Amino acid sequence: MRKLPRVLVVEDEPSIAELIAVNLRHNGLAPTIVFDGAGAQREIDAVLPDLILLDWMLPGESGAVLARQWRKHERTKGVPIIMITARSDESDKVQGLDAGADDYITKPFSTQELLARIRAVLRRRAPEVVSDSVQVGELSLDAATYRVSFRGQELKVGPTEFKLLHYLMKHAERVHTRAMLLDKIWGDHVFIEERTVDVHIKRLRESLGDAAALIETVRGAGYRLSVQALEAPNKPTGA
Ligand code: CA
């Protein structure tokens, strides 16, 4: 049910880019190829990738310059970057990591090595929804068995609402803006309107029944899952 991790491959040599893409595709990843920084930026603006494979030597801006830029921007600063290069110099490795790359791989590399590095980086920067369970007050969620229960009663929650609930529970008592939720739950907030969050919050509240009051609307800000909200049911939530 989970979407495949999106890998943006920034590589100006078409044969290498294609070879990487084929291997990634065969291993459960969803690659997109671009040949330079401008193409990469367009792609990132459209769809935020889960990981960027970035060639060092590119026409126009170098991989190091691009990595540095992406690390600075709010939208891209959390996206893991693996730098690809023909150089094996230790100083280049340091420079690449300094520019903000999470890891470094030197050409020529084997598919196994590349995949191992991609998996390691994705694990380190694991998306918010991983297999674990979380408890807030009397509400509990188990991601492994895909169960939500409140006061011992199992609740039926749809897949998106489940992810949303999991995220809110893991970050309880904190206010999340719609844009933040879109980024965390949907992974990309360009083609999805912020209103979508409201729709899923509404569905989530419907699924939660008596526990619905846990999800608080914070006027002008966003949403918060709060135990206090349930304990003070008469407090206006602005919903
Ligand atoms: Ca190159």
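As a starting point, this report considers the structure included with it.

About the thresholds
Residues numbered from 1 in each chain as written. Predicted model: local features only at pLDDT ≥ 70, side-chain atom pairs only at ≥ 80, totals over all residues. Heavy atoms only, no water. Donors = N, O, S within 2.8 Å, 3.2 Å for Na, K, Ca; no water. Buried < 20%, exposed > 50% of the residue type's maximum accessible area, 1.4 Å probe, protein only. Helix = DSSP H or I, 4+ residues; strand = E, 2+ residues; numbered from the N terminus. Contact = heavy atoms within 4.5 Å. Phe/Tyr/Trp six-rings, centres within 6.5 Å; stacked < 30°, edge-to-face > 60°.

Quick look at the coordination of the calcium ion
Protein coordination of the calcium ion is provided by D12 (OD), D55 (OD) and M57 (O), with donor distances spanning 2.1 to 2.3 Å. We note that the donor set of the calcium ion lies within a single chain, spaced as D-x42-D-x1-M. For D55, a relative accessible area of 2% corresponds to the buried category.

Remarks on the environment of L164
Of note, L164 is situated in helix α6 (residues 159-170). When the C-alpha positions of L164 and L181 are compared, they lie 7.7 Å apart, and in sequence the two are 17 residues distant. Not counting residues within four places of it along the chain, the set of residues in contact with L164 comprises L181, I185, H200, I201 and L204.

As for the packing of aromatic side chains
Counted by the stated rule, this structure contains one aromatic pair. The interplanar angle of 10° and the centroid separation of 4.1 Å between the aromatic rings of Y146 and F162 together place this pair among those described as stacked. In this pair, Y146 is assigned in the loop between β7 (139-142) and β8 (147-150) and F162 in helix α6, connecting sequence segments 16 residues apart. Classification of F162 as buried rests on a relative accessible area of 3%.

Coordinates in, geometry out; function isn't part of it.
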